[in-house]
Amino acid sequence: MSNLPFSIEEYINRQSEFHSHLPDNSIVIIPTNNLSTRSNDTSFPFRGNSYMLYLCGWADPEAFFVSSNNSGEWKTSLFVQPNDTLAEIWEGRRIGIELAKEKWPVDDSFSILEINTKIESMLDDNKHVYIIQGLSESLDTLVHKSLTTKSRSRNLNGKGPISVSDPSYILDEMRLIKSPAEIEILKMSAELASEAHIKAISATKPGIGEWEIQSIIEGYFISNKSEYSYRSIVGGGSNATILHYCANDSIINDGDLVLVDAGCEIYGYASDITRTWPVNGKFSKEQKEIYDLVLSAELAAIEACQIGAPFRASHHAASKVMALGLIKLGILNCTLEEALGDDYDGPYRNFFMHGTSHSLGLDVHDVGVISPNGEKYGRALKEGMVLTVEPGLYFADWRTDVDIPSKYSGIGIRIEDDILITKNGPIVLTSSCPKTIDEIELIINR
Ligand code: GLY
Ligand code: MN
Ligand code: MN
């Protein structure tokens with residue numbers, strides 16, 4: 001059971017904008033996610049489908065958003081779990097059909113038990129089906145059946161759909177640009193995750209377990225009625241050089257850095273922050289050299305997040321700083337041009353092997369095609385886009401394919417912030433999370 005994070009008007013505006021891209025005689029079917037089994041008869045915590053959250057804010061399981069304009073105007077409905085005393089005794093209260101219609105941004109609501117029969121007749125009455133496939137096998141089958149057995153070419157009464165399309169190409173374009181109300185929630189999410197990182201930095205000491213840092217961060221999310229937006233990465237020592245490390249089961253020793261990549265979700269809107277700090281409160285000379293380089297790259301990348309710049313501008317800015325820094329530190333022995341390569345694919349990529357930015361929103365790796373028209377370096381940034389900036393350097397001590405100076409061996413550092421694109425330049429939504437060496441050392445030693 002949940003409340004709506006946005007006004008009804010905000011949802012109606014989104015639905016109208018979406019519908020304005022669709023032809024007459026269309027039906028839209030958006031299922032929410034399925035519950036996933038964790039073990040036997042227990043499931044993972046439910047998380048609603050982001051398109052469902054975006055269009056109508058329905059956050060409970062077993063639901064469909066359906067709309068159609070075959071009557072000449074758009075009519076929207078929600079199919080939801082009906083009230084059921086026995087089911088609610090076991091699984092929790094349900095909003096139910098009446099309340100769904102009364103409080104959610106739809107014209108009508110029905111029981112999920114009616115979905116197949118109602119959709120079957122709606123499919124008969126529409127030409128174009130827009131459905132997110134792969135979420136409901138029975139709905140996919142129904143749509144397929146109506147297309148193959150009732151298509152207009154075979155059915156002389158002219159009923160049934162003639163096309164099935166994925167509506168995400170329209171919705172993703174809309175979700176790419178955040179509304180002022182969405183930005184407010186993204187700010188809250190960024191702020192909460194910043195506070196969690198500060199708690200974790202302050203509590204760090206040599207000998208701490210990675211899982212203990214994870215519990216401080218995620219415990220803070222939960223204590224604020226939030227939850228993580230992706231599995232937290234807490235990598236101590238050389239675990240920090242594994243990009244998607246999330247075992248989080250090692251002790252972190254005196255002298256080691258810890259890399260923490262953790263974010264939370266508020267009403268489904270994600271934050272995504274990475275900070276790296278020394279567990280003993282003091283960066284060594286070598287750690288400082290690499291940290292300073294990553295931080296300079298991050299600042300340059302943020303500065304590159306300007307309206308009109310290509311999506312990859314942040315990556316190019318970070319890459320140039322990284323390549324030059326790696327040469328200066330003696331890690332690469334070549335010219336800047338050689339280090340960067342022909343197309344940002346030179347040997348600096350041995351140590352900075354991921355991208356710099358992704359969109360952020362209802363999904364932590366948010367939707368939105370980066371090069372919709374084949375743009376080599378991605379589409380131009382626009383006001384209202386929100387993206388991460390997250391350069392890193394990783395010197396895995398077990399690698400044999402590259403030469404790594406022994407003094408840097410085992411160091412992994414990433415710094416990640418969440419950035420809002422505005423006409424006055426980039427705004428760092430996670431700016432309250434400290435990242436200079438002085439700030440970080442001060443917090444740990446306080
Ligand atoms: N936390 C996932 C990422 O930084 O992309
Ligand atoms: Mn991250
Ligand atoms: Mn990220």
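Note: the structure precedes this text.
As the structure is a computational prediction, the values presented were derived from the model and not from experiment. Residue positions within a chain follow its written sequence, with the count starting from 1. Key to labels: chains lettered from A, ligands numbered from 1, both in the order written. Given that this is a predicted model, residues contribute local features only at a pLDDT of at least 70 and side-chain atom pairs are listed and counted only at 80 or more, while totals for whole chains, interfaces and linings are drawn from all residues. Only hydrogens and water are set aside; all other atoms, that is, all heavy atoms of the structure, feed into the side-chain values.

Peer 1: Sorry if this is basic, but what is going on with the overall build of the chain here?
Peer 2: We count a stretch as a helix when DSSP gives it H or I for four or more residues in a row; a strand needs E for two or more, and each element gets its number in order from the N terminus. Scanning the chain from terminus to terminus reveals 13 helices and 19 strands. For 446 residues, the compact-globule estimate of 2.2 N^0.38 gives 22 Å, and the C-alpha radius of gyration of the chain, at 25 Å, lies within 12% of that figure. Viewed in the frame of its principal axes, the chain has a C-alpha envelope of about 75 × 50 × 40 Å. For the chain, contacts bridging at least 24 residues in sequence account for 71% of all contacts bridging at least 6. Here the open area of atoms and residues is found with the Shrake-Rupley method and a 1.4 Å probe, where only the protein chains shown may cover a residue. Counting every atom, the chain has about 19900 Å² of accessible surface; 51% of that belongs to carbon and sulfur. His is not counted, nor are the chain ends, whereas Lys and Arg count as positive and Asp and Glu as negative. Lysine's charge is taken at NZ, arginine's at CZ, aspartate's at CG and glutamate's at CD. Computed over 39 positive and 62 negative side-chain charges, the inter-centroid distance for the chain is 2 Å. All radius of gyration figures rest on C-alpha atoms, and the globule criterion is 2.2 Å times the number of residues raised to 0.38. Between two residues, a contact is recorded if the distance between any of their heavy atoms is within 4.5 Å.

Peer 1: Sorry, what's going on with the nonpolar core here?
Peer 2: Across soluble globular proteins, nonpolar side chains have a tendency to be buried as a group. Only buried residues count toward a nonpolar core. Its members are Ala, Val, Leu, Ile, Met, Phe, Trp, Tyr and Cys residues joined through side-chain atoms within 4.5 Å. Burial classification: accessible surface area is computed with a 1.4 Å probe over protein chains only, and a residue below 20% of its type maximum counts as buried, one above 50% as exposed, and the rest as partly exposed. Within the largest apolar cluster, 105 residues are counted, with the highest numbers of intra-cluster contacts made by W58, L393 and F395. Not counting residues within four places of it along the chain, the set of residues in contact with F395 comprises T241, I290, L326, I331, F351, I404, Y408, S409, G410 and I411.

Peer 1: I keep staring at the sheet that holds strand β9 (residues 227–228) and nothing clicks. Help me out?
Peer 2: Picture the strands of a sheet paired through backbone hydrogen bonds; they go either parallel or antiparallel. DSSP calls a pair of strands paired once it identifies at least 2 bridges connecting them. If you walk across this open sheet you meet the three strands as β9-β12-β13, and the pairing is antiparallel. The sheet terminates laterally at β9 and β13 (269–270), the two strands that pair on one side only. Both β9 and strand β12 (residues 264–266) contribute to a ladder of two bridges, which runs antiparallel. Of the residues in β12, the one forming a bridge with E227 is E265. Fitted lines through C-alpha atoms serve as axes, helices being fitted only where they are in contact, and the angles separating the N-to-C directions of these axes extend from 0 to 180 degrees. Taken strand by strand, helix α8 (residues 180–203) contacts β12 and β13, and its axis lies near 145° from that of β12.

Peer 1: Would you mind going over the site of ligand 1 with me for this structure?
Peer 2: In the vicinity of ligand 1, the residues found are Y230, D261, D272, H358, H365, E390 and E416. Each polar contact in these results corresponds to two N or O atoms within 3.5 Å; when the atoms are within protein, one needs to be able to donate a hydrogen and the other to accept it, and residues that are neighboring in sequence are counted only if both atoms are side-chain atoms. For ligand 1, a nitrogen atom lies 3.1 Å from a polar atom in the side chain of D272. Here an oxygen atom of ligand 1 and a side-chain polar atom of E416 are 3.2 Å apart. Contact with the protein chains removes 86% of the 200 Å² of surface that ligand 1 exposes when unbound. For this classification, the nonpolar set comprises Ala, Val, Leu, Ile, Met, Phe, Trp, Tyr, Cys and Pro, the charged set comprises Asp, Glu, Lys and Arg, and every other residue, Gly included, is treated as polar. In the shell around ligand 1, the residues fall into one nonpolar, two polar and four charged. A single heavy atom is enough: if one lies within 4 Å of a molecule or strand, its residue is considered near that molecule or strand.

Peer 1: Would you mind going over the coordination of the manganese ion (ligand 3) with me for this structure?
Peer 2: Geometry sets the ideal angles at a metal, namely 109.5 degrees for four tetrahedral donors and 90 or 180 degrees for six octahedral donors. Coordination shells were defined by N, O and S atoms within 2.8 Å of each metal, extended to 3.2 Å for Na, K and Ca; water is absent from the atom set, which can make sites look incomplete. Within the protein, the manganese ion (ligand 3) binds to D272 (OD), H358 (NE2), E390 (OE) and E416 (OE); these donor distances fall in the range 2.0 to 2.2 Å. Between 85 and 135 degrees for all angles marks four donors as tetrahedral; over 155 degrees for opposite donors together with 65 to 115 for all other angles marks four donors as square planar and six as octahedral; every other arrangement is irregular. Metal-centred angles of 51 to 157° between the six donor atoms at the manganese ion (ligand 3) mark the site as irregular. The metal-metal distance between the manganese ion (ligand 3) and the manganese ion (ligand 2) comes to 3.3 Å, with D272 coordinating both. Here H358 lies in the loop between α12 (336–340) and β15 (386–389) and D272 lies in the loop between β13 and β14 (273–278), a separation of 86 residues in the sequence. Under the relative-accessibility criterion, D272 is labelled buried at 3%. Looking at H358, the relative accessible area reads 14%, which means it is buried.

Peer 1: I would appreciate a short explanation of the layout of surface pockets in the present structure.
Peer 2: Space left empty within the atom packing is revealed by a probe, the size of a water molecule, rolled over the atoms. Two kinds of site are reported from a 1 Å grid over the protein atoms alone, namely cavities, where a 1.4 Å probe fits but cannot get out, and pockets, open sets with protein on both sides within 12 Å along at least five of seven lines, and residues are called lining when an atom falls within 4 Å of a point. Grid points are joined across faces, edges and corners, and a volume is the space filled by probe spheres set on the points. Approximately 1300 Å³ is the volume attributed to the largest pocket. Around the largest pocket sit 36 residues that line it, and F46, R47, E227, E265 and G268 are the ones nearest its centre. Going through the elements one at a time, α1 (8–19), α9 (210–223), β9, β12 and β13 are the ones with two or more residues in the lining of the largest pocket. Residue composition of the lining of the largest pocket, by class: 18 nonpolar, eight polar and ten charged.

Peer 1: Looking at this structure, how should I read the coordination of the manganese ion (ligand 2)?
Peer 2: Protein coordination at the manganese ion (ligand 2) comes from D261 (OD), D261 (OD), D272 (OD) and E416 (OE), with a distance range of 2.0 to 2.5 Å. For the manganese ion (ligand 2), the six donor atoms are set out with angles of 56 to 169° between them, so the coordination reads as irregular.

Peer 1: I would appreciate a short explanation of the state of the cysteines in the present structure.
Peer 2: Put plainly, a disulfide is one covalent bond tying together the sulfur atoms of two cysteines. When two cysteine sulfur atoms lie within 2.5 Å, the pair is treated as a disulfide. Here the structure, examined in full by the defined rule, presents zero disulfides. Counting only cysteine sulfurs, C433 is the nearest neighbor of C264, a cysteine outside any disulfide, at a range of 11 Å.

Peer 1: Please clarify how the packing of aromatic side chains should be interpreted in this entry.
Peer 2: How two aromatic rings sit relative to each other is given by the distance of their centres and the angle of their planes. Stacked, tilted and edge-to-face are the three classes assigned to paired rings of Phe, Tyr and Trp, where Trp is represented by its six-membered ring and a pair needs centres within 6.5 Å; plane angles under 30 degrees give stacked, over 60 edge-to-face, the rest tilted. Under the definition given, this model contains nine aromatic pairs. Ring pairs connect the aromatic residues F6, Y11 and Y269, which therefore count as one cluster. Sitting above the plane of the F6 ring, R14 keeps its charged end 4.4 Å from the centroid. Against the face of Y51 rests R175, its NZ or CZ located 4.9 Å from the ring centre. Sitting over a ring, as applied to charges here, requires NZ of Lys or CZ of Arg to be within 6 Å of the ring centre and within 35 degrees of the ring normal.

Peer 1: Can you help me understand the environment of D125 in this one?
Peer 2: Checked against the element boundaries, D125 lands in the loop between α5 (115–124) and β7 (128–131). When its relative accessible area of 32% is taken as the criterion, D125 is described as partly exposed. Linking D125 and I177, residues 52 residues apart in sequence, is a C-alpha distance of 34 Å. Those residues in contact with D125, other than ones at most four positions away along the chain, are N25, N70 and K159.

Peer 1: I tried to follow helix α6 (residues 137–149) on my own but got confused; where do I start?
Peer 2: An α-helix turns once per 3.6 residues; consequently, residues spaced three or four apart project the same way. What a helix should span is 1.5 Å times the count of its residues minus one. When the terminal C-alpha atoms of α6 are compared, their 18 Å separation across 13 residues agrees well with the 18 Å that a helix rising 1.5 Å per residue should span. Inspection of α6 places L139, D140, L142, V143 and S146 among the buried residues, and these make up the whole buried set. Viewed along the axis of α6, the buried residues span an arc of 160°, placing them on a single side of the element. Exposed residues lying more than 90 degrees from the buried face of α6 are E137 and H144. Here the buried face of α6 lies against β1 (26–31), β4 (64–68), α5, β7 and β8 (163–165). In this context, the arc is that of the directions from the helix axis out to the C-beta atoms.

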